[in-house]
Amino acid sequence: DKTKSSELWQRRFWELATKWYDRADRSDDARTARIEVAKSFEREADDALSRENAPSVLVAMSFLENAMQAYRRVADTMLGSRAAGTTGRAAAVLVE
């Protein structure tokens with residue numbers, strides 16, 4: 001599936017960007033990249049639920065769990081996530 005492959009490549013890009021930003025001591029950019037990683041898991045969860053032939057709640061839950069773990073990696077961002085513009089479902093669960 002092209003969408004799934006595209007999402008995986010985008011996530012890999014953001015994971016790599018996170019490492020480079022960390023090395024360059026660009027913490028704001030690294031935080032943004034980590035949030036993009038988490039959002040990619042959320043998009044995959046949405047895709048799993050919107051499949052026409054076989055929507056999968058279990059697959060979606062797995063992706064949402066990955067999203068929450070990714071948001072936890074941005075712990076200092078999570079406290080102010082709403083102010084920072086992060087409005088994802090997983091972020092809202094962690095903040096509330």
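Details of the structure are given in the entry above.
What you see is a predicted model; the values in this text were computed from it and never measured.

## Looking at the side chain of Glu7
And step 1. Relative to the helices and strands, Glu7 resides in helix 1 (residues 2–23).
And step 2. For Glu7, a relative accessible area of 6% translates into the label buried.
And step 3. A distance of 2.9 Å separates a polar atom in the side chain of Glu7 from a polar atom in the side chain of Arg43.
And step 4. Residues in contact with Glu7, not counting those within four places in the same chain, are Ser40, Arg43 and Glu44.

## Digging into helix 2 (residues 27–49)
And step 1. Helix length check: helix 2 (23 residues) gives 34 Å between terminal C-alpha atoms against 33 Å at 1.5 Å per residue, within 8%.
And step 2. Buried within helix 2 are the following residues: Ala30, Ala33, Ile35, Glu36, Val37, Ala38, Ser40, Phe41, Glu42, Glu44, Ala45 and Ala48.

## With respect to the packing of aromatic side chains
And step 1. This structure, assessed with the given rule, holds 2 aromatic pairs.
And step 2. When the ring of Phe13 is compared with that of Trp14, the centres are 5.1 Å apart and the planes differ by 75°; the resulting orientation is edge-to-face.
And step 3. In this structure Trp14 comes out as partly exposed when scored by relative accessible area, which is 23%.
And step 4. Looking at Arg11, its charged tip hangs above the ring of Phe41, at a distance of 4.0 Å from the centre.
And step 5. A cation over an aromatic ring shows up here: Arg23 above the ring of Trp20, its NZ or CZ 5.2 Å from the ring centre.

Definitions and cut-offs
- Along each chain, residue indices are assigned from 1 in the same order as the chain's sequence is written.
- The predicted origin of the model limits local features to residues at a pLDDT of at least 70 and limits the giving and counting of side-chain atom pairs to 80 or more, whereas totals for whole chains, interfaces and linings rest on all residues.
- With hydrogens and water stripped out, all remaining heavy atoms of the structure feed into the side-chain values.
- Secondary structure counts use DSSP, requiring at least four H or I residues in a row for a helix and at least two E residues in a row for a strand, with both numbered from the N terminus.
- Exposure classes here rest on a 1.4 Å probe applied to the protein chains alone. A residue is buried below 20% of its type maximum, exposed above 50%, and partly exposed in between.
- Any pair of nitrogen or oxygen atoms within 3.5 Å is treated as a polar contact; in protein, a donor-acceptor pairing is required on top of that, and neighbouring residues in sequence qualify only through side-chain atoms on both sides.
- Residues are treated as being in contact if the distance between any of their heavy atoms lies within 4.5 Å.
- To estimate how far a helix should reach, multiply one less than its number of residues by 1.5 Å.
- When two rings of Phe, Tyr or Trp (its six-membered ring) have centres within 6.5 Å they constitute a pair, described as stacked for plane angles under 30 degrees, edge-to-face for angles over 60, and tilted for the intermediate range.
- To sit over a ring, a charge needs its Lys NZ or Arg CZ within 6 Å of the ring centre and within 35 degrees of the ring normal.

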